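Single-letter residue listing:
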Amino acid sequence: MELKPDQQDALCELMNIGVGMAAAELHEMLELPIKLSVVEVALAKGVEVSSDDTGRDMSAVFMGFSGPYEGTASLLFPADSARNLTAALLRDEEGEVELDAVRAGALTEVGNILLNGIMGSMGNMLGGHLDYSVPDYVEGNHGDLLRHRSSPDTLVAWARTRFGIEEVSVDGSILVLFRVGSFQELLSALDRMISDEEVA
Amino acid sequence: MTAADSFRLLNHLPIGACVATADLRVVFWNVRLQEWTGLSPEDMVDAPLTHRFPHLAKPRYGKRIARVAHGGPPATFSAQLHGSLLTCLGPDGRERKQNATVSRLVRDDGDPLVLISIEDVTDAVKRTQAFQDMRAQALRELEARKVVQSELARSNRDLADFAGIVSHDLQAPARQAKRFAELLLASHSDQLDESGRTLLAHLTTCASRMESLVRDVLAYSKITTDQDDRELVDLGVVAEGVLQDLRSRIREYEGSVEVGALPNVVAQPTQMRQLLLNLISNALKFHRPQAPPRVQLKASTSTDLKHWVIEVVDNGIGIPANKRNSIFGMFQRLHNASEYEGTGVGLAVCKKIVERHGGTIVACDNADEPGTCVRIELPAATSSSTLRAS
């Protein structure tokens, strides 16, 4: 699904604002140098945008939202990256956080902060009040994790993010899955954002 | 309806629950939190939460909670990154570990509230910590063992090198002493009396024996554990070569060696040759007086099919039951050199070869008649290995 260059830039900016807020919050909380950047964004129908990961074992945090727009915000890391990221967060010098319980707790919170940043940014653009579910940590196959949370008509705002904590650098995906019918509203919201910026 | 009535249901949940206004003034404090903190609803309700838990005023907590109160998504605070949100002590006097979630509620009058729900994960964290400590300890012990093993291997290598060098250097003088004694006997025996010739003959024998000993010690020290020079070895072919070498001795003893089907094994070829040579030589040598040696070399599989069982069976003088372990030690002899020649190193060499190949070697009685059976077990090369008739 092709976005116009202006829309692409606007979506990228939204994602960057969201991860920027999250990075600042994580830095404040962990007192660690955190680098978070959006490498690539796309808007698509279905979840094929990240098909490189299909079949991979992933660690994921999901947070549902409802209101004028409904869907699920999700953060997905390949399992090995999740392990490295958790080790860096917990300053585990052995670099091997093997226990699910440890990984789950820390990653849920990191995912929560990141997704809150993204949803804060997108929520401002979309307008209207959204209700959110409590974030949920899940591990599993990439395809299985997303299959029952999406349909071919699901609109996906996808961002590939790079997470850097000290020497550790891992890539993850943020997917905001919108239920059917949100596409035109989302494009309109992006266009509104572009025209507001032009006026400003 | 009071706030206590509105949220009474939260007293029945197995979690700590606190409801507060957007500026963190406590509206409801459930019984589980009372139990954990020792603070009653009377202590807490209407008071700012930050009075008892001042760290919540810090931006890392306060900003995130405020964002929830103002319509943002729920915020989670994990035990891994924070330890606890509403800090309190457990029965052991140590801080409880908590996973906390702060989510938004809206009162009937429209004012926002936050619900702080606390899951006590102290036991899980303790178990995790115990597991991690155990794992760290195991890794430390493994590392220490590796260091010791490496040191031991180095020490063994040094010892083998030393034995090799000493044996090699002793070989020349032993050989020369024997040669000079032989020369003396050949060229000047007429100038010696009978006693002198006898002494010289003893000297020659001793020099020969020293030469044999040095040669055998050298052979022993050369048995290495290097995996790289192992290959698939057909023991049938090895046995044929050994019998060729022993042809004259077999004839001399008027003996016979019967070789059955033998397997392929992954082994160092020259060591396999040395093994069979030593065992068949022994079987021929230790025969009964006036009884020609009859030796059988045969193989079968162990009951679990993981090993080849190779037996060298003879009709010789046998080995007393109480000596069957010690004969595999260095320089162990059951008879003096005048009865049976040898250095007492041959079976030690066999044991070292077999063990370096992951096998075992034992001596037992010949099951069918007086005599000895030396039984070797070597790992089977492949599950599909078959016996080959020699």
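Scroll up for the structure.
Visitor: What am I meant to see in the packing of helix H7 (residues 122-188) of chain B against helix H8 (residues 194-221) of chain B here?
Guide: Each pair of packed helices can be summarised by the angle the axes make with each other and by the distance between the axes. Residues and elements named next belong to chain B. Orientation of H7 relative to H8, taken along the N-to-C sense of each, is 155°, at an axis distance of 8 Å. Considered as vectors, H7 and H8 are oriented roughly antiparallel to each other. Considering only the axes of H7 and H8, their crossing is left-handed. Its residues placed into classes, the contact of H7 with H8 shows 15 nonpolar, seven polar and six charged.

Visitor: Whenever I open this one, the sheet that holds strand S1 (residues 16-21) of chain B confuses me. Can you help?
Guide: Whenever strands of a sheet pair, they do so through backbone hydrogen bonds, lying parallel or antiparallel. Residue and element names in this part refer to chain B. One open sheet accounts for five strands, arranged S2-S1-S5-S4-S3; its pairing is antiparallel. Strand pairing shows two members of the sheet lacking a second neighbour, strand S2 (26-29) and strand S3 (75-77), which therefore form its edges. Direction aside, the axes of adjacent strands within the sheet are offset by 20° on average. Inspection of the sheet shows strand S4 (residues 98-106) paired to strand S5 (residues 112-120) by nine bridges, in the antiparallel sense. Across the sheet, residue arginine 104 finds its bridge partner in S5, namely valine 114. Its contacts with the sheet place helix H5 (residues 59-69) against S3, S4 and S5, and it is angled at close to 150° to S3.

Visitor: How do you make sense of the pairing of S2(B) when you look at a structure like this?
Guide: Looking down a regular strand, the side chains alternate between one sheet face and the other. Residue and element names in this part refer to chain B. The pairing of S1 with S2 spans three bridges and is antiparallel. Within the sheet, the bridge partner assigned to cysteine 18 lies in S2 and is tryptophan 29. Hairpin connection from S1 to S2: four residues lie between these consecutive antiparallel strands, with leucine 24 at a positive phi of about 65°.

How each quantity is defined
Per chain, residue numbering runs from 1 following the sequence as it is written. In the order they appear in the text, chains get letters beginning with A and ligands get numbers beginning with 1. Local features in this predicted model are restricted to residues of pLDDT 70 or higher, and side-chain atom pairs are both shown and tallied only at a pLDDT of 80 or more, whereas totals for entire chains, interfaces and linings draw on every residue. Side-chain numbers here rest on the full set of heavy atoms in the structure, without hydrogens or water. Angular values range over 0 to 180 degrees, each being the angle between N-to-C directions of two axes fitted as lines to C-alpha atoms, with helices fitted over their stretch in contact. The numbering of helices and of strands both runs from the N terminus, where a helix is a DSSP run of H or I of at least 4 residues and a strand a run of E of at least 2. Angular relationships are summarised with four words: roughly parallel below 35 degrees, roughly antiparallel beyond 145, roughly perpendicular across 65 to 115, and oblique for the angles in between. Working rule for handedness: look at the near helix, and if it is turned counterclockwise from the far one by less than a right angle, call the crossing left-handed; if clockwise, right-handed. Under the grouping applied here, Gly and all other residues not named as nonpolar or charged are polar, the nonpolar ones being Ala, Val, Leu, Ile, Met, Phe, Trp, Tyr, Cys and Pro and the charged ones Asp, Glu, Lys and Arg. Paired strands are those between which DSSP finds at least two bridges. Residue contacts are counted whenever heavy atoms from the two residues lie within 4.5 Å of one another.

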